[in-house]
Every structure is written in structure tokens, then in C-alpha cells.
Amino acid sequence: MADAVKEKVSLPSISSSDSIPDKAKWDRPLEFILACLGYAVGLGNVWRFPYLAYRNGGGAFLIPFFLMLLFIGLPIFFLELYVGQFSGLGPIQAFSAISPFFSGLGYCTLVVITIISIYYMIIVAWAVFYTIVSIAGNLDWGSCENEFNSINCFSGEYDRLCRENNTGDSTDLTYYQQHCVSIGTICIETGFQPYDGKNCLNGSEVIPWFKNVTRILAAEEYFNERVLGRGDATWENWGTIQWHMVGCLALCWFVAFLVVIKGVQSAGKVVYFTALFPYVMLTALLIRGVTLEGAVDGIIFYLSPNWETLLEARVWGDAASQIFYSFGVAAGACVTLASYNKFTNNCQFDAVLVSFTNFFTSIYAGFAIFSVLGFQANLMGVTVDDVAAEDVGLAFVAYPEALLQMPLPQLWCILFFFMLFILGLGSQFAGIEAMNTAITDRWPTLRKSYWKVTATTCFSCFILGIPMCFSGGVYLFTLLDWNTASWAVLLIGLAECAAVSWSYGMSNALDDLKLMKMNFNKAQRFYWIAVWKFIVPLGSLGILIFIFVRWTPPSYGDYDFPLFADLLGWAVGLSTVILFPIGVAWAWHHGYRGKDLFQPTKAWQPAEKSLRELRSDSITTTEPVQLEHYDNPGFVMP
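Residues numbered from 1 in each chain as written. Predicted model: local features only at pLDDT ≥ 70, side-chain atom pairs only at ≥ 80, totals over all residues. Heavy atoms only, no water.

Going by an unreviewed UniProt entry, the chain carries the name Transporter and comes from Arctia plantaginis. Word for word, the UniProt comment on the chain under Subcellular location (unreviewed entry) is "Membrane". Its UniProt record gives the chain a comment under Sequence similarities (unreviewed entry), which states: "Belongs to the sodium:neurotransmitter symporter (SNF) (TC 2.A.22) family." (UniProt positions renumbered as here; feature names shortened; annotations may be inferred.)

Printed below as a string of C-alpha cells:
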């Protein structure tokens, strides 16, 4: 056993040598809070939450969403902040230090954040493209006169002109197949009888006239054909490169490089803008939206509770998945951001503040979105359900179409798409920092030339993102999004909780938090112990089972991916967790056996230098005979 112990390798702590620069710190606690807000509050709050809310019972959805926040989102978020702040390390070294068994866990988070950063920047590039063309005044997504538009193209602006003199009779006009056509004529052409200006007659049944026809929003055709250049691209025929998207992607990564060029020292100043500006824009959109006719209908539709949906497993699964999607936990970014904190920063307060701000921001964004969609539905004479769209379609199809029908459409389009760009950029900062920290923690001397590390990270991610700038690139984007931020992050989040609460020990974790000047009352201790040890692991397993039970292969619009693409997606998902068992094998190879696999190494020590000597003297050996009266060798005091 003694020979095996001699072979064991523990990660080195950061040296104070003059040749190795000290790790940078946030200048102010507020900068860290804003950085977390910029990371957690992102595009998902604008397009994903509002759609999930109205699809899953409106106001009733807030109940499972809030419970998932309390018992999954907040606990994992705080746990990651604690790990990063206490150790001053990124996720790779932090989880390796807390337990050799979890040596691969940090690498899993690195793979996740790398993949997410690569494909997420594609969305930011879309927002940049729309911002540029909006500034130029080319709002062509409201036109059906582009060369790529089909006969079924539908424009709300064109329809408004057709409906100007309507009186509610079947002779009322609407825009259909690129002409103003009467509702009665459409009813006859689709096999029904005319009834009035909104319905056809099917025998004795009255049905909405638009339920029987094919209409494709001009904004949807613009997004697919002009922005993506999708055309007839398939997995077998990837199409041509879309140079306008390559240019926008390059611009995004260049701006990101400038923001993170000096790490937290430069980004800490930018987060004041990236975190706060979106709230200004959301407020402006909300104020303008609620003054429009039909806005109330949109808001009522958004929040009207359907309590019966709470009995459906899908609603709870969607709430949990949105928590992971919105918070960005289990990707290592939160650990990284917290590693730049001062040792005694109250990260519990930060976690609670950011979590609840994220929750209320999601609700707030829903008001802004659906007030405008209600206006559009009223203008078109349809229901809100007919103009709402899912995920990306809400931000780049439904909402832009609605903006065109508002007064001063160019102004509102510029503000909206620029807001999306800032939201996306704020989220990307943490991902870039996580990748950079993985490098500089491994080779601390590189901190001297941090800008070179940042340039390498940004350029590499840009190159890897170019395949998604081809005609068929949206298929690869969908595949990565479908398989990365789903079941894999649940396993990683579960493993993070197990590493802290079961391997390291809750008593030791609470002692660490006390060392950082965070004292908990009985209620707080009970809550953190309950969620970290039991609720999060069991809840994550339950959600994981739910995801696999209702799993559907990836698809985009009406295009179903071939089997090869589906298998590739599973390979992507597995790539995010395969390094965990490899990490276990690494620890075993370096001599860790039995209980030693689950004990912290000498690298697990306070980031505060004044506490390191006291801590290092406490770890004398990892021989089991020396540890029988202790939960953890890190707390064996001389």
C-alpha cells in the first residue's frame, strides 16, 4: 500500500513564484454578479421560456418552474460557485482535487462548454446579420417579392393592406398566394362553404378559414433561404458556404476576443453593459408592446393558467430542462467565474440573487414578447397560438414579423436584434473564460500572455463553427443543440453533487463555507444538505428517465434527419461524458484504491494564501489506517 501511495499524483496548487503570475480577481463583487447574470440570463429567457410557459399551462407552468429553481437550479448553481471560489481553480483541477474518482468530471464540463460555445455563437451571428440589415433599412423578411419566396408566402404587412376595408363578411379580403383574395373564395377553393370574414362552414360546423390553407410567413422563408441559405440542402448534400454568415461569425468572435482579451480585468468592465442593457431594451419593448391594440389578448394567452397540465409529466420535464438550459449549470462556466472571486465573497447571496433574477427575467421577457404577438394576432384576425413559434422561430420568425407591423419598425428591429446580440455575447464570455482557465490552470505561466490564449480559443472556435455556415449548417446546429444541453448535463450535474455531498462530505463542505465567512442557520443547513445529498441526485435521475422515455430523433422543420445523423448526435452526447470513466481509470492507474479514490488530494486547499500552510500541514498521508476517525483527510489537524 505504501508503494501505491508514493505513485499517486495530485494536482499542483498555484505557485506564488515570481515566474507564475497570480490569478486575476474581480475588481468588485458587483462585476461577478453581473457576469453571472450575463451568463445565466440569455437568449433562452427571450424565446424558450415564453413558449414553454404558454404550451404548458400558462401561469400554471410557473409552479413547476419555480420548484425546479428551488430544488435543482439554485442548488447546483451555488455548489459550482462554492467549488470555484473556495479552490480558486477551474473545474478541471477543482473536481480532480476534491476527489480522484471525479478527475474526469471537469473535462466533461469543458467538452460541454466548448461545444455549446461553438454552436451558440452561430445564433449570435444570426442576430448580428439581422442587426446589420436592419440598420441598412433592408427589412426584407416582411416581403413576399424576393426571388426565394414561394407561392404560399404570407406577409402580415401585405395582409394589413388587403384588410383595410373589411366589414366582417365572407367578401372580406386577405393576403393569400400573393394576391388579395376574399375569405369566401378561399373557403370554396378548400372544399367548404363561405360563412363570414373569419370562418368557413363545413356542413353545420364553423371552422376558421386559415386552418385549411398553407401559409408560410415571409419571415420564415427569409430566415431559411436568405440567412441560412438552406435551399435543398440535406445531410447528403451540404450545399454551399454562406459567406455573409462566415463574416458575421468572424465579427462575433472578434468582438468576444476584445471583451475577454485580459480576462476578468477587461470583461469585468464590459459586463456592466452586457448584463444591464438587455433589461433596458426589454423594458422599451414591453412599454411599446402593451400600448398596442390586442396586447392584452397576448398577455392573457401567455399567463392564463391551465391547472390540469400540472398532472402531466411533460410539464415538469420541460420545467427542469429549462432550468438547466437557462442557468447553464453543469458546464463549468460558473465554477470558472467564481474562481476569480475574493475568498470571503458571499457567493450564497450571489447564487440566490442571480437565480431569482433569472426567474423573474424569464417572466418579464414573456410579457414583452406576447404583448407584441397579441398585437400581431389581432391585426391578422387569428389567435395568438397561430402566430407564436417555438425556440429559435420565436426570435427570428414570429417576433420580427410582428415588429414590422409596429410604428417605426426599423427602430424596433434594430433594438431587438441588437439586444439578442448582447444577450448572446454576455453568455459567451463565461464559456470563453472556462476554456481559457482550463489552459492557464494547467500551464500558469501562460497568464503572462493571456491575450494569446484568448486569441487561440476564439480563433479555434471560429474555425470549428464554419461548417454551420453552409447551407446545411442548421442541421449540424440542431444536432449539437439537441444532444449537448440535454441528458448529458443532467448526468454531469448529478456527478457534481455526488462529488461534494457524498464523496467529500457535507460536513466538510459546510466547514469550507464557514471558512469563507458564510454561516448558516439551521434552516439553511437543512436545505443545502437536503438538496445536495438527496433532491438534486434523485430529481436528476427522474428527469433523465423522463427525457429518454419521450426521446424523439432530431429534426428541423419538415426535414427528418437520417439514421447516420441520429447516431452522430448520440456520439456527440456521449463525448461529453466519456471522459468521466477515463478519469476514474486515470486515478486507478496512479495508485488510488478503495476509499482513497474518494478523498481530496493536496491540491484541494483554500484559495486564500494565508490559509494554505495550515491546510497543507493537515494532509499527512492517505493511508486508511490514519483516517479511520475522520470524514476527510483535508481536516486531519495536527
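Now that the structure has been shown, the text picks up again.
A few words now on the environment of Cys252. With respect to the helices and strands, the residue Cys252 is situated in helix α10 (residues 243-260). Taking the C-alpha atoms as reference, Cys252 lies 22 Å from Leu394; in sequence the two are 142 residues apart. (Helix = DSSP H or I, 4+ residues; strand = E, 2+ residues; numbered from the N terminus.)

Another point: the pattern of salt bridges. Within this structure, the stated rule accounts for 10 salt bridges. A salt bridge links Glu157 to Arg160; the nearest nitrogen and oxygen atoms lie 2.6 Å apart. Placement of the pair is Glu157 and Arg160 together in helix α7 (residues 156-162), with a separation of 3 residues, close to one helical turn. Given the relative accessible area of 24%, Glu157 is considered partly exposed. Connected through shared salt-bridge partners, Asp27, Arg28, Glu31 and Lys269 make up one network. (Salt bridge = Lys/Arg side-chain N within 4 Å of Asp/Glu carboxyl O. Buried < 20%, exposed > 50% of the residue type's maximum accessible area, 1.4 Å probe, protein only.)

With that settled, consider the pairing of strand β2 (residues 173-176). The sheet contact formed by β2 and strand β3 (residues 179-182) spans 4 bridges and is antiparallel. Bridge assignment links Leu173 to a residue of β3, and that residue is Ser182. The turn linking β2 back onto β3 is made up of 2 residues, and Gln177 within it adopts a positive phi angle of 50 degrees. (Pairing = 2+ DSSP bridges.)

Taken together, the side chains of Ile63, Leu67, Phe71, Trp307, Trp502, Phe534, Ile535, Leu538 and Leu541 make up a nonpolar region of the molecular surface, amounting to roughly 860 Å² of accessible area. Elements with a minimum of two residues in the nonpolar patch: α4 (62-87) and α22 (522-549). For the nonpolar patch, the leading source of residues is α22, giving 4 residues. Along the chain, Trp307 falls in the loop between α12 (295-303) and α13 (313-327). (Patch = residues over 30% accessible without salt bridge, like charges linked within 9 Å, V, L, I, M, F, W, Y side chains within 5 Å. Areas by Shrake-Rupley, 256 points an atom, 1.4 Å probe, with all protein chains shown as cover.)

A few words now on the sheet that holds strand β5 (residues 199-202). Pairing is antiparallel across the open sheet formed by 3 strands, whose spatial order is β4-β5-β6. In this open sheet, the two strands that pair with only one neighbour each are β4 (193-194) and β6 (205-208). Sheet topology places β4 next to β5; 2 bridges connect them, and they run antiparallel. Among the inter-strand pairings, Pro194 is bridged to a residue of β5, identified as Cys200.

Core analysis: the largest hydrophobic core is formed by 218 residues, its most contacted members being Tyr82, Trp126, Leu373, Phe396 and Trp532. Per element, the largest residue contribution to this core is 21 residues, and it comes from helix α6 (residues 105-135). Filtering out sequence-adjacent residues up to four positions away, Trp126 remains in contact with Phe223, Val227, Leu228, Met245, Val392, Phe396 and Phe477. (Core = buried A, V, L, I, M, F, W, Y, C linked by side-chain atoms within 4.5 Å. Contact = heavy atoms within 4.5 Å.)

For helix α3 (residues 43-55), spanning 13 residues, the distance from its first C-alpha to its last is 18 Å, which sits close to the expected 18 Å at 1.5 Å a residue. At Phe49, α3 shows its largest bend, some 30 degrees, and a proline, Pro50, comes one to four positions later. Of all 13 residues in α3, 12 are buried; the element is thus mostly enclosed. Among the residues of α3, those classed as buried are Leu43, Gly44, Asn45, Val46, Trp47, Arg48, Phe49, Pro50, Tyr51, Leu52, Ala53 and Tyr54. Of the residues one or two after α3, Gly57 is the one with positive phi, at around 100 degrees. (Expected span 1.5 Å × (residues − 1). Bend = angle between axes of the 7 residues up to and from the residue.)

Right, let's talk about the environment of Ser326 for a bit. Inspection of the secondary structure puts Ser326 in helix α13. Residues Ser326 and Phe49, spaced 277 residues apart in sequence, show a C-alpha to C-alpha distance of 8.7 Å.

Counting the residues between successive antiparallel strands, the hairpin from β4 to β5 contains 4 residues. Two strands pair when backbone bridges link them, and β5 and β6 are joined in this way by 4 bridges, in the antiparallel orientation. Its bridge partner being in β6, Leu201 is matched across the sheet by Val206. Counting the residues between successive antiparallel strands, the hairpin from β5 to β6 contains 2 residues, one of them, Gly203, with a positive phi of roughly 70 degrees.

The subject of this paragraph is the packing of aromatic side chains. Going through the model one piece at a time under the given rule, you end up with 66 aromatic pairs. On the numbers, 6.0 Å between centres and 40 degrees between planes, the contact of Phe418 with Phe421 is tilted. Taken together, the residues span about one helical turn, with Phe418 and Phe421 both in helix α18 (residues 409-442) at a distance of 3 residues. For Phe418, a relative accessible area of 27% puts it in the partly exposed group. (Phe/Tyr/Trp six-rings, centres within 6.5 Å; stacked < 30°, edge-to-face > 60°.)

This part takes up the side chain of Asn483. In this structure, Asn483 sits in helix α20 (residues 473-484). Of the polar contacts made by the side chain of Asn483, one reaches the backbone oxygen of Leu479; its length is 2.9 Å. Look past the residues within four positions of Asn483 in its chain and what remains in contact with it is Trp551, Gly569, Trp570 and Gly573. (Polar contact = N/O pair within 3.5 Å; in protein donor to acceptor, adjacent residues only side chain to side chain.)

This part covers the state of the cysteines. On inspection of all chains with the given rule, the structure shows 3 disulfides. Between the sulfur of Cys144 and that of Cys153 lies a disulfide, 2.0 Å long from S to S. One quick way to see it: the torsion about the S-S bond of Cys144 and Cys153 is about -80 degrees, and its sign makes the bridge left-handed. The class of Cys144 is buried, set by a relative accessible area of 4%. Classification of Cys153 as buried rests on a relative accessible area of 1%. Residue Cys162 pairs covalently with Cys180 via a disulfide, S to S 1.9 Å. What sets the handedness of the Cys162 and Cys180 disulfide is the S-S torsion sign, and at about -75 degrees it is left-handed. Of the two residues, Cys162 is situated in helix α7 and Cys180 in strand β3; the sequence distance between them amounts to 18 residues. (Disulfide = S-S within 2.5 Å.)

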